[in-house]
Every structure is written in structure tokens, then in C-alpha cells.
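If you want the building blocks of each chain, they are given just below.
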Amino acid sequence: MNILLTNDDGIEAEGINALYSALIDQHAVFIVAPGRERSGCSNAITVRDSISVQKMGERRFAVNGFTADCVNIGLHSDLVPGVDLVVSGINHGPNLGDDVFFSGTVAGARTAFVFGVPGIAISLDCLNTSDYFNDAAQFLRDFITEHHHDISRGTAFFNINYPDLPRAEIRGPLLTRLGRRKYQDTYHVTASSHNLIDLKMEGTIESDITPGTDTREVRNGYISITPLLLDCTDHEYVRIRRG
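Figured I'd write up the structure that's included with this text. (Residues numbered from 1 in each chain as written. Predicted model: local features only at pLDDT ≥ 70, side-chain atom pairs only at ≥ 80, totals over all residues. Heavy atoms only, no water.)

1. Focus: the pattern of salt bridges
As a reminder of what qualifies: When a carboxyl oxygen of Asp or Glu lies within 4 Å of a side-chain nitrogen of Lys or Arg, that pair is called a salt bridge. In DSSP terms, a helix is any run of H or I states spanning at least four residues, a strand is any run of E spanning at least two, and both are numbered starting from the N terminus. Remark: exposure states derive from per-residue accessible area (1.4 Å probe, protein chains only) relative to the maximum for the residue type, with buried under 20%, exposed over 50%, and partly exposed in between.
Under the counting rule described, the total for this entry stands at seven salt bridges. Put simply, Asp-99 and Arg-181 hold a salt bridge, and the shortest N to O gap is 3.0 Å. Of the two residues, Asp-99 is situated in the loop between strand 5 (85-92) and helix 3 (104-114) and Arg-181 in strand 9 (residues 181-193); the sequence distance between them amounts to 82 residues. For the residue pair Asp-99 and Arg-181, the accessibility class agrees, reading buried in each case. Glu-236 serves as the salt-bridge partner of Arg-239, at 2.5 Å between the closest nitrogen and oxygen. Taken together, the positions of Arg-239 and Glu-236, both in helix 7 (residues 235-242) and three residues apart, correspond to about one turn of that helix.

Structure (C-alpha cells):
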């Protein structure tokens, strides 16, 4: 299978390179990833400016753009032949609940899905660094093998979150739904002069603890697997208003 790897942490990030090492023995693996960190870029895409692509090695390309740009280039240029699956990650931090709307990592899988290609986003529930990137990568390799039929159907894309725990403490994979994340954001002035003000965001996050949600079950030691769709329509509201 031809697999395109991307991320929002940059092409040199530990997570994406752990995936490459885990998958290369069984698949043809290509990396098309941002040349620098692009966290929180969601589905931002470059539409008017040109994009530079640097060849970093055989089947490795660094893009001066966003994660969605990388997937779009991987699918619609001649850099990667016939992509069967896009894997985005391993993100250096969780992407749970409402995070999926901000996450560049999840956007990588979503962009693939928009263009009719199966997509998986995988994140590790850590604070930037972890000892378990290789474990998460090996889980993803096995998940692709064991669930190839479900993945290739292309009826959803998958958001996987792996606990920051040793294998012996992980309780296993679990299908989940998105929880909610309440962001308590504040901005502080770091510098100001004349008409220019520099702001820095800080804050905390409160997570949903409802059983069956990704926000709860990852913290309970499960590998959260959430199938996602594109349709955000409130169908219940439409049904009620139509009578």
C-alpha cells in the first residue's frame, strides 16, 4: 500500500519519523510534511501564493505551507504515486473533542477524506515529548493491517489518541465519540510600542468526563478510536423546524 505521511509538527518531528520506521517494512511510505511546526492550523490551505517544496531525501519532501497543503500536494502532484492512505501524526499532544476543529493533525486526515482517500490522524496524549512514540506507531501499523477493510471503505476518517503510558498500563483500543473541551483562554500583552501590541495566549482546558467520550477514555488508559464525518448539520433542528 502507498501511504502518505504528514503532520503539523514539522518534517523532523519524532512522531512522524516513528511512523515512518514502523510502516516502511510493510508499505511504500512517502513523507510530505511542513518544513516547520504548523500546530493549530486546522484546514488552512494556500490558494494564491506559490508553495516551495524541498526534497529532503528519497520519498521525503518538506513543504513551505500547511498540513492541508501537504496532503493536497501529495494527492495531486507527481511527487507521490497513487496514494492509498494518508496518515497524519503522530502529534506531539492530544487531539480530543473540540480539538479536532483546530488541529492541523486531524485536518491532514480530513483533507484526504475530502478528496476521497482514506485518512487516519493519530496523536499521543503527552506534553510535547514522550517515551512512547514507537509504541503508538506500532499500534497504528497493526491497526492498518487488522482494519484494512474498514479503512479502505472510506465512509469515515479516523481520529486516534494514544495514552502517554507504557504498553503494560494500556487497557486496549476503544471506539469512542467526541467529547467536549472547554477552553479558558486569555491573552497577555508581552510588548507594546506606539500602535503595535504583542499578545501571547495562555489558558487551561476542562475536558468532558462523560463515559464513552474520547476525552474521558484516553485518560482512563484506553486508545481512543473515533470515526469522524464531514457533515456538521444539526439534523434534529432541521427535522423539528420542518415539522
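2. So, the sheet that holds strand 7 (residues 157-163)
Counted only if it meets this: Strand pairing is assigned whenever DSSP identifies at least 2 bridges connecting the two strands. Axis angles are defined between N-to-C directions and span 0 to 180 degrees, where every axis is a line fitted to C-alpha atoms and, for a helix, only to the segment in contact. Contacts are residue-level and defined by heavy atoms, with any inter-residue pair within 4.5 Å sufficient.
In space, the nine strands of this open sheet follow the order 3-4-2-1-5-6-7-11-8, with mixed pairing throughout. Looking at which strands have only one partner, the edges of the open sheet turn out to be strand 3 (53-57) and strand 8 (172-175). The mean inter-strand angle of the sheet, taken between neighbouring strand axes irrespective of direction, is 20°. Relative to strand 11 (residues 222-228), strand 7 is paired through five bridges, and the arrangement is antiparallel. Bridge pairing in strand 11 links Ile-160 to Ile-225. Those strands touched by helix 4 (residues 133-146) are strand 1 (2-6), strand 5, strand 6 (119-125), strand 7, strand 8 and strand 11, and its axis lies near 160° from that of strand 5.

3. Regarding the packing of helix 1 (residues 14-23) against helix 4
How we decide: Should an angle fall under 35 degrees it is called roughly parallel, over 145 degrees roughly antiparallel, and 65 to 115 degrees roughly perpendicular, with every other angle called oblique. Definitions for this section: a left-handed crossing has its near helix turned counterclockwise from the far helix by less than a right angle. A right-handed crossing has that turn clockwise. Gly falls in the polar group here, along with every residue not listed as nonpolar (Ala, Val, Leu, Ile, Met, Phe, Trp, Tyr, Cys, Pro) or charged (Asp, Glu, Lys, Arg).
Running from N to C, helix 1 and helix 4 point in directions that differ by 45°, and their axes come no closer than 8 Å. By the angle class used here, helix 1 and helix 4 are oblique. For helix 1 against helix 4, the interelement crossing comes out right-handed. Contact residues: Glu-14, Gly-15, Ala-18, Leu-19, Ala-22 and Leu-23 in helix 1; Phe-133, Asn-134, Ala-137, Gln-138, Leu-140, Arg-141 and Ile-144 in helix 4. Considered class by class, the residues forming the contact of helix 1 with helix 4 number eight nonpolar, three polar and two charged.

4. Topic: a nonpolar patch on the surface
What counts, and what does not: A residue counts toward a patch only above 30% relative accessible area and without a salt bridge, and it is joined to like-charged neighbours within 9 Å or, for Val, Leu, Ile, Met, Phe, Trp and Tyr, to nonpolar neighbours within 5 Å. Each accessible area is a Shrake-Rupley estimate made with a 1.4 Å probe; only the visible protein chains count as cover when residues are assessed.
Taken together, Tyr-187, Val-189, Ile-197, Leu-199 and Met-201 make up a surface patch of nonpolar side chains, about 550 Å² in accessible area. Sorting the residues of the nonpolar patch by element identifies strand 9 and strand 10 (196-207) as the ones contributing at least two each. Here the element with the most residues in the nonpolar patch is strand 10; it accounts for three residues. As for its position among the elements, Ile-197 is in strand 10.

5. Some points on the side chain of Asn-161
Basically, it comes down to this: Pairs of N or O atoms within 3.5 Å make up the polar contacts considered here, provided that, within protein, one atom can donate a hydrogen while the other can accept it, and that residues adjacent in sequence are counted only when both atoms are side-chain atoms.
Summarising the element assignment, Asn-161 is placed in strand 7. Residue class for Asn-161 comes out buried when judged on its relative accessible area of 0%. For Asn-161, the side chain forms a polar contact with the main-chain oxygen of Asn-95, separated by 2.8 Å. Once you skip the residues sitting within four places of it in the chain, Asn-161 turns out to touch Pro-94, Asn-95, Leu-96, Ser-123, Val-218, Tyr-222, Ile-223 and Ser-224.

6. Quick look at the pairing of strand 10
Note that strand 9 and strand 10 share twelve bridges and pair antiparallel. Bridge pairing in strand 10 places Ser-192 opposite Ile-197.

Limitation: the analysis is restricted to geometry and does not speak to function.
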